[in-house]
Amino acid sequence: MKPIHRIFLRTAFFMALITGGLHSAQAQNDVLLTQSWAVPSYYNPAATGQVDFLRIRGGARLQWLGIDNAPKSFLATADMPVKIGKQRIGVGADMMNESLGLFSNMLINVQGSYKLKFLKGILSIGIQGGYYTSKFKGSEVVLPEGDDYHQGSDEAIPTTDVTGNCFDLSAGLHYSHKYFSIGISGLHLLDPTVKLDTEGNESSETSYYETKLPRTLYFTADGNIPLKNTLFELQPSLLAASDFKTFNVQAAMRARYNRFLSFGLGYRYKDAVSVMVAAEFKNFFIGYSYDYPTSAISKASSGSHEIIAGYQIKLDFSGVNKNKHRSIRIM
């Protein structure tokens, strides 16, 4: 059996080559959505069950159009409140699938949150468990001619497809008020190492490789500020994320009219400016955003597109039996 190789940086180098060499050698883990405010439970399990609805949303983000093998991400979330006796809890699930260069990753989570009244609002404590799968398409690795960094015989570079999986654990706190909400969460708390392997045959041994799912800290803040004597509301939002090696922050300001149509602008630090529009009609939601890069990537890409759509079903927690009927014996 061959020794375990740490291929994270080296395979990330090939991802950088494939995507035009325009991004640092750091694997993408969570999808940083421009419309992060639309799927709060994706970043914090304590944000499940905030409203009296079964809320289902899904979306796609196509990043850096114009660059071959650029990141493509898809996700789906579902959450709802559940009442047990007089206690209300939140439950939910989410799924994320992404492709980045020769990597493809999938994460499936189940979530739960405990809620209690606190300072005229609701404080939630949440936890989630997940199953993470990562695949690297080693069969598609192509070494450029004249490459000074690697040789075709380098054992640290897989030449066949390798896969691996691991258990994932996350937790968070969330506080919601009539006019604002804030949250802090830690995703991938166990900082798991994903061991990728490919089975050997009669003429070769099984090879093992490794990559990481780094622990990441998130802070979110959202507001809902009615403008007096108008049908408009201002809705600022902030998301900050750090894996203790890199730091990302993005902010947006939206205006919502008559709880129907919203539009706004956003900025991601040293990365992109964005425009967004969303509509809510009855129980349906749809939102779209476009990011224009402010970094050197703008020389190769026309920008990134993102769409999120969803549906919600009203839940009744009144405890009143709507199916009451009279007994025929006393009519």
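This section reports on the structure supplied with the text. (Residues numbered from 1 in each chain as written. Predicted model: local features only at pLDDT ≥ 70, side-chain atom pairs only at ≥ 80, totals over all residues. Heavy atoms only, no water.)

Now for the overall build of the protein. Along the protein, the regular secondary structure elements total two helices and 18 strands. For the protein, buried positions account for 44% of its 331 residues. Excluding contacts between residues fewer than 6 apart, the proportion of contacts in the protein whose partners are at least 24 apart in sequence is 56%. (Helix = DSSP H or I, 4+ residues; strand = E, 2+ residues; numbered from the N terminus. Buried < 20%, exposed > 50% of the residue type's maximum accessible area, 1.4 Å probe, protein only. Contact = heavy atoms within 4.5 Å.)

Inside soluble globular proteins, nonpolar side chains tend to come together where they are buried. Membership of the largest hydrophobic core comes to 32 residues, with the highest contact counts inside it found for Leu33, Tyr42, Tyr43, Leu75, Phe136 and Tyr218. Residue assignment for this core shows that the elements contributing at least two residues are helix H2 (40-43), strand S5 (103-118), strand S6 (121-136), strand S7 (162-176), strand S9 (193-198), strand S13 (232-242) and strand S16 (272-281). When near neighbours in sequence (up to four residues on either side) are disregarded, Leu75 contacts Val31, Leu33, Val39, Tyr42, Arg57, Gly58, Gly59, Met95 and Met96. (Core = buried A, V, L, I, M, F, W, Y, C linked by side-chain atoms within 4.5 Å.)

Moving on: the pattern of salt bridges. Applying the stated criterion across every chain, the model contains eight salt bridges. Put simply, Arg256 and Glu233 hold a salt bridge, and the shortest N to O gap is 2.9 Å. With Arg256 in strand S14 (residues 247-257) and Glu233 in strand S13, the pair connects residues that are 23 residues apart, well separated along the chain. Here Arg256 matches Glu233 in class, with each residue buried. Residues Arg256 and Glu280 are paired through a salt bridge, measuring 3.1 Å at the closest nitrogen-oxygen approach. Here Arg256 is found in strand S14, whereas its partner Glu280 is found in strand S16, with 24 residues between them in sequence. When its relative accessible area of 12% is taken as the criterion, Arg256 is described as buried. (Salt bridge = Lys/Arg side-chain N within 4 Å of Asp/Glu carboxyl O.)

This paragraph deals with the pairing of S9. The side-chain alternation of S9 yields one buried face, formed by Val194, Leu196 and Thr198, and one unburied face, formed by Thr193, Lys195 and Asp197. Two strands pair when backbone bridges link them, and S9 and strand S10 (residues 207-212) are joined in this way by six bridges, in the antiparallel orientation. Within S10, the residue paired with Lys195 across the bridge is Glu210. (Pairing = 2+ DSSP bridges.)

Moving on, we get to a nonpolar patch on the surface. A cluster of nonpolar side chains, namely Tyr114, Leu116, Ile125, Leu173, Tyr179, Phe180, Ile182, Ile184, Leu217, Phe219, Leu238 and Phe244, defines an oily patch on the protein surface of about 1,100 Å² accessible area. Broken down by secondary-structure element, the contributors of at least two residues to the nonpolar patch are S5, strand S8 (180-187) and strand S11 (216-223). Per-element accounting of the nonpolar patch gives the leading share, three residues, to S8. When its relative accessible area of 35% is taken as the criterion, Phe219 is described as partly exposed. (Patch = residues over 30% accessible without salt bridge, like charges linked within 9 Å, V, L, I, M, F, W, Y side chains within 5 Å. Areas by Shrake-Rupley, 256 points an atom, 1.4 Å probe, with all protein chains shown as cover.)

In this section: the side chain of Ser274. By the element assignment, Ser274 lies in strand S16. Once residues within four sequence positions are removed from consideration, Ser274 is found in contact with Thr34, Gly264, Leu265, Gly266, Tyr267, Tyr290 and Asp291.

Nothing here speaks to function; it is all geometry.
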